[in-house]
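Working through the structure, step by step
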Amino acid sequence: MSGKNYHVAVVGATGAVGQQMIKTLEERDFPISTLTLLSSSRSAGKKVTFKGQELTVKEANPEAFEGVQLALFSAGGSVSKALAPEAVKHGAIVVDNTSAFRMDPEVPLVVPEVNEGDLNDHKGIIANPNCSTIQMVAALEPLKQTYGLSKIIVSTYQAVSGAGANAVTEMKEQSQAVLNGENYEPQILPVKGDKKHYPIAFNAIPQIDVFEENGFTYEEMKMINETKKIMHDAELHVAATCVRLPIETGHAESVYVEIGQEDVSVEDVKALLKNAPGVTLKDDPANQVYPMPVDAVGKSDVFVGRIRKDLNQKNGFHMWIVSDNLLKGAAWNSVQIAESLAALNILK
Ligand code: L14
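First, a word on scope: everything that follows refers to the structure included in this document. (Residues numbered from 1 in each chain as written. Predicted model: local features only at pLDDT ≥ 70, side-chain atom pairs only at ≥ 80, totals over all residues. Heavy atoms only, no water.)

**Description of the nonpolar core**
We apply this condition: In this text, buried Ala, Val, Leu, Ile, Met, Phe, Trp, Tyr and Cys residues form a nonpolar core when linked through side-chain atoms within 4.5 Å. A 1.4 Å probe rolled over the protein chains alone gives each residue an accessible area, and that area as a share of the maximum for its type sets the label: buried under 20%, exposed over 50%, partly exposed in between. A run of H or I in DSSP counts as a helix once it spans at least four residues, and a run of E counts as a strand once it spans at least two, with each numbered from the N terminus.
In terms of nonpolar packing, the biggest core is built from 56 residues, with Phe-73, Leu-140, Ile-152, Val-255, Val-257, Val-304 and Met-319 touching the most fellow members. The biggest single contributor to this core is helix H4 (residues 131-147), with eight residues. In terms of nonpolar packing, the next biggest core, distinct from the first, is built from 35 residues, Leu-35, Ala-331, Leu-341 and Ala-342 among them.

**Here we look at the packing of H4 against helix H7 (residues 266-274)**
This is how it is decided: Each axis is a line fitted through C-alpha atoms, and for a helix only the stretch in contact is used; angles between axes span 0 to 180 degrees, taken between their N-to-C directions. What makes a crossing left-handed is the near helix being turned counterclockwise from the far one by less than a right angle; a clockwise turn instead makes it right-handed. Residue contacts follow a heavy-atom distance rule, with two residues in contact if any of their heavy atoms lie within 4.5 Å. Note on residue classes: Ala, Val, Leu, Ile, Met, Phe, Trp, Tyr, Cys and Pro are nonpolar, Asp, Glu, Lys and Arg are charged, and everything else, Gly too, is polar.
Running from N to C, H4 and H7 cross one another at 120°; their axes reach a closest spacing of 10 Å. Where H4 crosses over H7, the two elements pack in a sense that is right-handed. Every residue of H7 that contacts H4 at Ala-139, Pro-142, Leu-143, Thr-146 and Tyr-147 is listed here: Asp-268, Val-269, Leu-272 and Leu-273. Tallied by class, the residues present in the contact of H4 with H7 amount to seven nonpolar, one polar and one charged.

**Quick notes on the pattern of salt bridges**
Side chains that differ in charge, positive against negative, can pair when their charged atoms come close. The condition that has to hold: The salt bridge definition used is simple: a Lys or Arg side-chain nitrogen within 4 Å of an Asp or Glu carboxyl oxygen.
Scanning all chains against the criterion turns up eleven salt bridges. The salt bridge involving Lys-328 is made with Glu-113; its shortest N-O contact spans 2.7 Å. Of this pair, Lys-328 sits in helix H9 (residues 327-343) while Glu-113 is found in helix H3 (residues 112-115), placing the two residues 215 residues apart along the sequence. Among the residues examined, Lys-328 registers a relative accessible area of 1% and is labelled buried. Measuring nitrogen to oxygen at the nearest pair gives 3.8 Å for the salt bridge that ties Lys-195 to Asp-194. Relative accessible area serves as the criterion here: at 78%, Lys-195 is assigned to the exposed category. A cluster of three or more residues bridged by salt bridges with shared partners is formed by Asp-209, Glu-219 and Lys-222.

**A few points about the packing of aromatic side chains**
Quick reminder of the rule: We call Phe, Tyr and Trp rings a pair once their centres come within 6.5 Å, taking the six-membered ring for Trp, and we label the pair stacked below 30 degrees between planes, edge-to-face above 60, and tilted otherwise. Geometrically, a charge over a ring is one whose NZ (Lys) or CZ (Arg) sits within 6 Å of the ring centre while staying within 35 degrees of the ring normal.
Throughout the structure, instances matching the rule amount to three aromatic pairs. Each ring, one from Tyr-6 and one from Phe-30, has its centre 6.1 Å from the other, and the planes form 35°; the classification is tilted. One end of the pair, Tyr-6, is in strand S1 (residues 6-11); the other, Phe-30, is in the loop between helix H1 (16-27) and strand S2 (32-39), and 24 residues separate them in sequence. By the burial criterion, Tyr-6 is buried, and Phe-30 matches it. Both rings, one in Phe-65 and one in Phe-73, keep their centres 5.7 Å apart while their planes meet at 15°; by these two values the pair is stacked. Of the residues examined, Phe-65 reaches a relative accessible area of 0% and is grouped as buried. For the cation-ring pair, Lys-282 lies above Phe-303, with the distance from its terminal atom to the ring centre recorded as 6.0 Å.

Set out below in structure tokens:
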């Protein structure tokens, strides 16, 4: 890095992702001169500790970005839409972890292992992709680079923390109620504000985010559209089914891919992923070694295992991809983008 220190703001500082952002900035020792913590008026006034210092969270408004050079946003799409342009007006570069700007052609959508170079095209705002998309493209980019990639079919097994801290509380209280034989009326999942709510405890819900007219959910369409944008391939065939499971943290994905060559072996794919940046290969079926959410929690890598060649399709492979949805899926990818911005001298 350049040896400079930056005035950094975290917007949504008290949320599930915001908390992880602050922790990650601390752990990575990101060069910070001032850290400004911002939130909705509801959470303003709360205290958060950063590097042993107690900081007071302030209400996010346009004036709060005075002097800020880098702003990490994770307070929901409407906050980003209202305030990210204000932060840019004050001279900040914004890394936005909501879906507000991801598909805007003017906004780079970045997973550093895949398309770090897109950061050079930024006009103030950089988007952090959807958690499920990030871990998938990080694992598949090496295959695309080496063999080409024509098709992805993914089913997700997503953790509740992606839907926020309140959803996690709902899952825990509901699980306890079920065990106690008590009644518990679901109020948040599958989607806060949608017409119906269903229990997540001891269940699997095939709805994450709202339904679109084509029958896919918005979460599924995010995976489809964001993957094409990050991988720079509008022709790539992508289909997704997104499912919520009663897991606190760590998304898992069953992924089927078709690559551009037929003579590739499982050993070839393993060798490739073993050396891939940000990826840890965990694939030894003889010893029952494979990735699981409980092992991925708190780790920044994307874990890949269960790699098999399809029995009929010569260029088809199956695999299982797991990562901490709050880290590589959100906070760590955002801080990693910030590190890239500093290293590339885009952040001055
Ligand atoms: O698009 O409910 O960044 O788990 C990813 C997690 C939307 C909500 C995004 C969830 C979010 C989603």
